[in-house]
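Single-letter residue listing:
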Amino acid sequence: MDQPKQSSQQIVLNRTRFNSIEFETKHVELVMPRGRDVKFPIEISNYGAPTQINLTASNEIEDCVRFLHNDFAAVGKTVVDAIVHIQTQRHGSIAVTVGYGANTDGFNIDLIAEPYQEIATDPGLAVPGEEAKGYREVSQISTHPAVKVVAALAFILVILKLFTDMVPGYVGIASAILLLVILIMYKLFTTSSQ
């Protein structure tokens, strides 16, 4: 499990008055890898009597933030680990409720996905013209709009011949043969490029 670039948030309870909530910062940014669980520790310091505490992620981030320990009595110093998992940047907040709802406050949190890193390749390792040429042929054949339209039309005619009498027999046979040829060509080109 990874650690984010900003390591934690600190919350202080009962320092200024009964059930008071203070934050080290009201806005946290976590820069983290995509698709991996990241531990985000929330350190709670309670200066008063034991206080019931509950942490809640806002709707925008509730699907990607979970608390390993929640809805408990905070005594002295306590650390609550939040596990964060994202694919793209998210913005939301985490609400802190103390004393069974006596006071609630929160802080904003930006979950920022690290940019994708490009893998450097040595152009000298490639055989000049071989892979690029084959790839171009496959992409031109498989994505050419005319081929897609002809294949779709042939498929429709075959279906109509099989289930209705709207299409003459020779048209259905010709459509089936054309569809088969397109599928075989596509399969041959895609396997030869790999």
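Everything that follows concerns the structure shown earlier in this document.
Residues numbered from 1 in each chain as written. Predicted model: local features only at pLDDT ≥ 70, side-chain atom pairs only at ≥ 80, totals over all residues. Heavy atoms only, no water.

**Examining the overall build of the chain**
Looking only at helices and strands, the chain has three helices and ten strands in total. The linear arrangement of helices and strands in the chain, starting from the amino end, is β-β-β-β-β-β-β-β-β-β-α-α-α. Residues counted as buried form 32% of the 194 residues belonging to the chain. Sequence separation of 24 or more characterises 66% of the internal contacts of the chain that already satisfy a separation of 6 or more. When the accessible surface of the chain is split by element, carbon and sulfur atoms take 59% of a total near 12500 Å². (Helix = DSSP H or I, 4+ residues; strand = E, 2+ residues; numbered from the N terminus. Buried < 20%, exposed > 50% of the residue type's maximum accessible area, 1.4 Å probe, protein only. Contact = heavy atoms within 4.5 Å. Areas by Shrake-Rupley, 256 points an atom, 1.4 Å probe, with all protein chains shown as cover.)

**Considering the pairing of strand S8 (residues 77–84)**
Alignment of strand S4 (residues 38–46) against S8, held across eight bridges, turns out to be antiparallel. Paired with Val-38 across the bridge in S8 is Val-84. In this sheet, S8 lies alongside strand S6 (residues 65–67) in antiparallel orientation, the contact comprising three bridges. Note on S8: the bridge partner recorded for Phe-67 is Ala-82. (Pairing = 2+ DSSP bridges.)

**Some remarks on the sheet that holds strand S2 (residues 21–23)**
Strand pairing within a sheet occurs via backbone hydrogen bonds; the two strands may be parallel or antiparallel. Overall, mixed pairing links the five strands, which are arranged S2-S1-S4-S8-S6 in an open sheet. Bordering the open sheet on either side are S2 and S6, each of which pairs with just one other strand. When the angles between neighbouring strand axes are averaged without regard to direction, this sheet yields 25°. In this sheet, S4 lies alongside strand S1 (residues 9–13) in parallel orientation, the contact comprising five bridges. (Axes fitted to C-alpha atoms, helices over the stretch in contact; angles between N-to-C directions.)

**Considerations on a nonpolar patch on the surface**
On the surface, a nonpolar cluster with roughly 550 Å² of combined accessible area is contributed by Phe-155, Ile-156, Ile-159, Leu-162 and Phe-163. Looking at the element boundaries, Ile-156 is found in helix H2 (residues 145–163). For Ile-156, a relative accessible area of 46% corresponds to the partly exposed category. (Patch = residues over 30% accessible without salt bridge, like charges linked within 9 Å, V, L, I, M, F, W, Y side chains within 5 Å. Salt bridge = Lys/Arg side-chain N within 4 Å of Asp/Glu carboxyl O.)

These results come straight from atomic positions and should not be treated as a statement about function.
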